[in-house]
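# What the coordinates show
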Amino acid sequence: MDDDLKSIASARRCAETAFEAYRKFLGTDPAQVDAIVQAMADAIEPEAARLGQMAVDETGYGNAAHKRIKDLMNARGTADWLRDVKTLGMLWRDDATKIAAFGEPMGVVAALIPVTNPSSTIIFKVLSAVKAGNAIVCAPHPRGLKVGMEVVRIMASVAEQMGAPKGLIQCLEQVTIQGTAELMQHRRTSVVMATGGPAMVKAAYSSGKPTLAVGAGNVPCYVHQSMKDDLAEVTAQIIASKSFDYGTACVSEQSIIADSQIARDLRHELKLAGCYFCSPQEADRLAKVIFTGKQAMNPARVGQSPQVLAELAGISLPPRTKVLVSEETEIGWHRPLSAEKLNPVLAFYEARNSDHGIELAQNIARFEGWGHSSVVHAHDPEIVAKFATIPTGRVLVNVPAIHGGAGYATDLEPSFMLGTGTWSGSITSDNVTALHLINIKRVAYANRPWRDIYEEYGV
């Protein structure tokens, strides 16, 4: 049997057994569901370092220590938030309107997992799906299959020990494009959660099933002149976010835009903190390393350290370099480094004034990043208000993009699935959570005489 047939068979088997487990799980007391979710999160904690190293070893992407943090952030942060969220049974009632709302599971969740975050995304999606009373089948990227299966094994094992039916949490054992398509289209699949590249997102929305899928991010970061006394802190935030896991998070900053009044000082702070500003020739060579052509990111260069990228581009770096920076003036595929870069590389723009800075941010977001996230560093609330007209689902103020967008440094819902809205073809602009994985049933009593319609509107 060839790989496609094996993957299709695996998808069918997993979908059928997941559906049976889901039926057995229906009606489980919400307190028991919460106990299962917490037990799974607790089981990840002692394994996070090992899983982070497994992810790097298998995919070749990222930084193992940072992947450990991602795993813990999803285990602890998601579980802590979910503890106070109602998903099943009566969600609310309004005696005045005589309406009550009840949460019910959707069924079997098909979860597509990206190679950039092969363990943390599974942790997040499994906790969310089970909290909502669903079964879940994960379809990792082929290069993240081993670590994906191990994460699922850990979480499924502890869930079953806590009373969850066998098969509630599963992972495809063989993954191909055809097998993943079969899982999404299977009659037992109720909803698709897709995180990945544009091709995978398009395939998910073409599956014929209700789909939560998210698009690419090209996150602009505008630094207003009102931050002139805080540039060291702004710099620390940008570098911490962009260098985290070697830039594999699509929510991290992609471009810095600085007002001309502070641009020189910001460059100085960035250099002191570990940024290397490329010459125009070096930037052109770097672009050829990262991209293979228009709209074609080289997958072998994703999540690589600045040292690896620099060596490939023939750039000699000073010690302890954390981020590579290219000075840019234009936006578009004729300047590839103005696009999303899933590695520790930033574009840098100098704005004439705040209007020009916000215009540049708008154009960057519209180029390869509509709907995702944007960042503004400003003490002037009027500037923040103007910047907030940008077409992104999250406008983050005075925080690192990854820490703010994923809900750690802000009170946004903790999530590793950030909706991009209809700007980029997504069904939601929310931080996706377990609340997106339930059907809400409303029970409504009569609240006014039905015959009054004839008096009010005439016959």
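Figured I'd write up the structure that's included with this text. Worth saying up front: this structure is predicted, and the values here are computed from it rather than measured. (Residues numbered from 1 in each chain as written. Predicted model: local features only at pLDDT ≥ 70, side-chain atom pairs only at ≥ 80, totals over all residues. Heavy atoms only, no water.)

## Digging into the overall build of the protein
Per the secondary structure count, the protein includes 16 helices and 17 strands. Relative to the compact-globule value of 23 Å for 459 residues, the protein shows a C-alpha radius of gyration of 23 Å, a close match. Seen through its principal axes, the protein has C-alpha atoms that stretch 70 × 70 × 40 Å. The buried share among the 459 residues of the protein stands at 56%. Taking contacts inside the protein between residues at least 6 apart in sequence as the whole, the part at least 24 apart equals 73%. Put simply, the protein shows about 19,600 Å² of open surface, and 52% of that area lies on carbon and sulfur atoms. (Helix = DSSP H or I, 4+ residues; strand = E, 2+ residues; numbered from the N terminus. Rg over C-alpha atoms; globule rule 2.2 N^0.38 Å. Buried < 20%, exposed > 50% of the residue type's maximum accessible area, 1.4 Å probe, protein only. Contact = heavy atoms within 4.5 Å. Areas by Shrake-Rupley, 256 points an atom, 1.4 Å probe, with all protein chains shown as cover.)

## Looking at the pattern of salt bridges
Following the criterion strictly, the structure yields 17 salt bridges and no others. Residues Lys67 and Asp245 are paired through a salt bridge, measuring 2.8 Å at the closest nitrogen-oxygen approach. Of this pair, Lys67 sits in helix H4 (residues 64-83) while Asp245 sits in the loop between helix H9 (231-243) and strand E9 (253-259); the two residues are 178 residues apart in sequence, bridging distant segments of the chain. Accessibility classification places Lys67 together with Asp245 in one group, the buried group. Here the salt bridges do not stand alone but share partners, grouping Glu47, Arg50, Glu150 and Arg153 into one network. (Salt bridge = Lys/Arg side-chain N within 4 Å of Asp/Glu carboxyl O.)

## Digging into the environment of Leu437
Secondary-structure assignment places Leu437 in the loop between helix H15 (401-405) and strand E17 (438-444). Classification of Leu437 as buried rests on a relative accessible area of 0%. Along the sequence, Leu437 and Val192 sit 245 residues apart, while their C-alpha atoms lie 9.8 Å from each other. Setting aside residues no more than four positions away along its own chain, Leu437 makes contact with Pro105, Met106, Ser128, Ala129, Ala132, Asn134, Val191, Met193 and Leu212.

## Description of the sheet that holds strand E7 (residues 211-213)
Sheet architecture is open: five strands sit in the order E5-E4-E3-E6-E7, paired in parallel fashion. Each edge of the open sheet is held by one strand with a lone partner, namely strand E5 (169-171) and E7. Across the sheet, the mean angle from the axis of one strand to that of its neighbour is 15 degrees, orientation sign disregarded. Inspection of the sheet shows strand E6 (residues 189-194) paired to E7 by three bridges, in the parallel sense. The residue bridging Val192 from the neighbouring strand is Thr211, located in E7. Across the sheet, helix H7 (residues 177-185) lies against strand E3 (108-112), strand E4 (135-139) and E6, angled at about 150 degrees from E3, the strand it touches most. (Pairing = 2+ DSSP bridges. Axes fitted to C-alpha atoms, helices over the stretch in contact; angles between N-to-C directions.)

## Here's the deal with helix H2 (residues 30-44)
The terminal C-alpha atoms of H2, which comprises 15 residues, lie 22 Å apart, in line with the 21 Å expected from a rise of 1.5 Å per residue. Here the buried face of H2 lies against helix H1 (3-25), helix H3 (48-59), H4, helix H5 (120-131), helix H6 (145-161) and E5. Taking the backbone nitrogen of Ala31 as reference, a side-chain oxygen 2.7 Å away marks Asp29 as the first, capping residue of H2. (Expected span 1.5 Å × (residues − 1). Polar contact = N/O pair within 3.5 Å; in protein donor to acceptor, adjacent residues only side chain to side chain.)

## Observations concerning the sheet that holds strand E10 (residues 275-278)
On the basis of which strands lie adjacent, the open sheet formed by seven strands has the order E10-E13-E14-E9-E8-E15-E16 and parallel pairing. Two strands close off the open sheet at either side, each with one partner strand: E10 and strand E16 (392-397). Across the sheet, the mean angle from the axis of one strand to that of its neighbour is 25 degrees, orientation sign disregarded. The sheet contact formed by E9 and strand E14 (residues 345-351) spans five bridges and is parallel. Bridge pairing in E14 links Ile256 to Phe348. Of the strands in this sheet, E10, strand E13 (323-327) and E14 touch helix H11 (residues 280-290), which is tilted by about 105 degrees from E10. Contacts from helix H13 (residues 354-366) reach strand E8 (219-223), E9, E14 and E16 within the one sheet, and its direction differs from that of E14 by about 145 degrees.

## Considering the nonpolar core
With 76 residues, the main nonpolar core has Met40, Val126, Val130, Cys138 and Ile169 as its most contacted residues. With nine residues, H6 is the single largest residue contributor to this core. Those residues in contact with Met40 that sit more than four places away from it in its chain are Val126, Leu127, Val130, Met155, Val158, Ala159 and Ile169. Counting 24 residues, the second largest nonpolar core, distinct from the first, contains Val234, Ala258, Leu266 and Val323. (Core = buried A, V, L, I, M, F, W, Y, C linked by side-chain atoms within 4.5 Å.)

## Thoughts on unusual backbone geometry
Phi is positive for Tyr246, which is not a glycine, with a value near 55 degrees. For Tyr246, a relative accessible area of 24% gives the class partly exposed. Positive phi outside glycine occurs at Asn398, with the angle close to 55 degrees. By the secondary structure assignment, Asn398 is in the loop between E16 and H15.

## With respect to the packing of H9 against helix H10 (residues 260-272)
One way to put it is that H9 packs onto H10 with a least axis distance of 9 Å and a crossing angle of 55 degrees. Relative to H10, the element H9 lies oblique. Taken as a pair, H9 and H10 cross one another with a handedness that is right-handed. Along its contact with H9, which presents Leu231, Ala232, Thr235 and Ile239, the element H10 presents Ile262, Asp265, Leu266, Glu269 and Leu270. Here the residues of the contact of H9 with H10 are counted per class, giving six nonpolar, one polar and two charged. (Parallel < 35°, antiparallel > 145°, perpendicular 65-115°, else oblique. Left-handed = near helix turned anticlockwise from the far one by under 90°. Nonpolar A, V, L, I, M, F, W, Y, C, P; charged D, E, K, R; others polar.)

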